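Coordinate inspection notes
Here's the letter readout for the chains.
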Amino acid sequence: MVLVSPFRALRPPPSLAAAVASLPYDVMDVAEARAMADGDDVSFLHVTRPEIDLPDDVDPDDDLVHAQGRAALDAMREAGVLELDAAPTMSVYRQRRGDHVQTGLVLLASVDDYESGAVAKHELTRPDKELDRVRHLAALGVQDEPVFLLGSRHADIDAVVAAVVAGDPDIDVVTDDGIGHTLWVLDDVDAIARVVAGFAGLPRLYIADGHHRSAAAARLRELRRREGLAPSALPGDGLGHDGFLAVVFPADEL
């Protein structure tokens, strides 16, 4: 049994989606990230790689780095570059590269499932990288990059996804690397309940990428419990800090 949940997402307006979209934080160095965000004040790299907006002599482990990420996130929200969902949602997310297409669901996966093995991992993690992500997430107050999960198919989940993608997408962009990204917001309460029930019928999910992000989510939850902090930074986030941001693709589409 796998537990998933909707959550309140921060999203760019469709007109800004292409400019906001960025590669994952850990696939480039600071110089490359700075070049990618050059001239793009709304690139999400200002949040995920805040070093690009600080002098080169600032230590990457300095608290200033994480504070800068929070400042960039707050500025984007204040400017309307990122807007908060009114209610918990999921999203259907499709990637296209050439002739290959894969379609998954953006949701919260369960930290309990990660710790029990129902979300299975296959890599060891480095404590220093985990701590860096914990500090980053704690400073932001939100989870800013999804863990990439894969799982087997379930008929009810497939039926919901098929119905959603039959409609017009909310976002449809092609990024500079030639990858197409199409997203439909799933806000129907009954459809979300079918998805949650469908995942409950799966034995487990598997981490394809994001071992440090998921480990950091577990460490952050423990930290919040020890310090008696609120369970979630955004009201109505479903699992809150008992969950971590994920996108789940069917294994046979990868």
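Keep in mind that this is a model prediction, so the values were computed, not measured.

Conventions we followed
Residues numbered from 1 in each chain as written. Predicted model: local features only at pLDDT ≥ 70, side-chain atom pairs only at ≥ 80, totals over all residues. Heavy atoms only, no water. 1 Å grid on protein atoms, 1.4 Å probe; cavity = no way out; pocket = protein on both sides within 12 Å on 5 of 7 lines; lining within 4 Å. Points joined across faces, edges and corners; volume = space filled by probe spheres on them. Helix = DSSP H or I, 4+ residues; strand = E, 2+ residues; numbered from the N terminus. Nonpolar A, V, L, I, M, F, W, Y, C, P; charged D, E, K, R; others polar. Core = buried A, V, L, I, M, F, W, Y, C linked by side-chain atoms within 4.5 Å. Buried < 20%, exposed > 50% of the residue type's maximum accessible area, 1.4 Å probe, protein only. Pairing = 2+ DSSP bridges. Axes fitted to C-alpha atoms, helices over the stretch in contact; angles between N-to-C directions. Parallel < 35°, antiparallel > 145°, perpendicular 65-115°, else oblique. Left-handed = near helix turned anticlockwise from the far one by under 90°. Contact = heavy atoms within 4.5 Å. Salt bridge = Lys/Arg side-chain N within 4 Å of Asp/Glu carboxyl O. Polar contact = N/O pair within 3.5 Å; in protein donor to acceptor, adjacent residues only side chain to side chain.

Let's shift gears to empty space enclosed by the protein. Gaps left between atoms are located by rolling a probe of water-molecule size over the structure's atoms. Per the stated rule, a full pass over the model turns up one cavity of 30 Å³ or more. If you add up the space inside the largest cavity, you get close to 100 Å³. If you trace the largest cavity, you find it lined by Tyr25, Arg133, Leu137, Gln143, Asp144, Glu145, Val147, Arg213, Ala217, Phe244 and Leu245. Contributions of two or more residues to the lining of the largest cavity are made by helix H6 (127-140), helix H9 (211-227) and strand S11 (243-250). Looking at the lining of the largest cavity, its residues break down into six nonpolar, one polar and four charged.

In this section: the nonpolar core. Leu105, Leu107, Leu149, Leu186, Phe199, Leu205 and Phe244 are the most contacted members of the largest nonpolar core, which totals 31 residues. Ala72, Leu73, Val81 and Val142 belong to the second-largest nonpolar core, a separate cluster that totals eleven residues.

Turning our eyes to something else, we now look at the pairing of strand S7 (residues 147-151). Going residue by residue along S7, you find Val147, Leu149 and Gly151 tucked away on one face and Phe148 and Leu150 left uncovered on the opposite face. As defined by bridge partners, S7 adjoins S11 across five bridges and the pair is classed as parallel. Residue pairing in the sheet places Gly151 in a bridge with Pro250 of S11. Where S7 lies against strand S10 (residues 205-209), three bridges are found, and the strand directions are antiparallel. Looking at S10, one finds that Leu149 is bridged to Ile207.

On to the packing of helix H7 (residues 155-165) against helix H8 (residues 189-200). H8 packs onto H7 with a crossing angle of 150° between their chain directions and a minimal axis gap of 8 Å. Classified by the angle their axes make, H7 and H8 are roughly antiparallel. The element H7 and its partner H8 pack so that their crossing is left-handed. Here Asp156, Ile157, Ala159 and Val160 of H7 lie close against H8, whose contacting residues are Ala191, Arg194, Val195, Gly198 and Phe199. Here the contact of H7 with H8 is built from residues that sort into six nonpolar, one polar and two charged.

On to the pattern of salt bridges, then. Pairing of side chains with opposite charge becomes possible as their charged atoms draw close. For the structure on display, the rule yields 19 salt bridges. A salt bridge links Asp63 to Arg135; its shortest N-O distance comes to 2.5 Å. In this pair, Asp63 is assigned in helix H4 (residues 63-78) and Arg135 in helix H6, connecting sequence segments 72 residues apart. For Arg133, the salt bridge goes to Asp132, with nearest N and O atoms at 3.0 Å. Asp132 sits in the partly exposed class, given a relative accessible area of 22%. Connected through salt bridges with shared partners, the residues Asp26, Glu145, Asp209 and Arg213 form a single ionic network.

Attention now goes to the side chain of Gln102. Structurally, Gln102 is set in strand S5 (residues 100-110). For Gln102, the side chain forms a polar contact with the side chain of His100, separated by 3.1 Å. For Gln102, the contacting residues outside a window of four places in its chain are Tyr93, Arg94, Gln95, Phe148, Phe249, Glu253 and Leu254.

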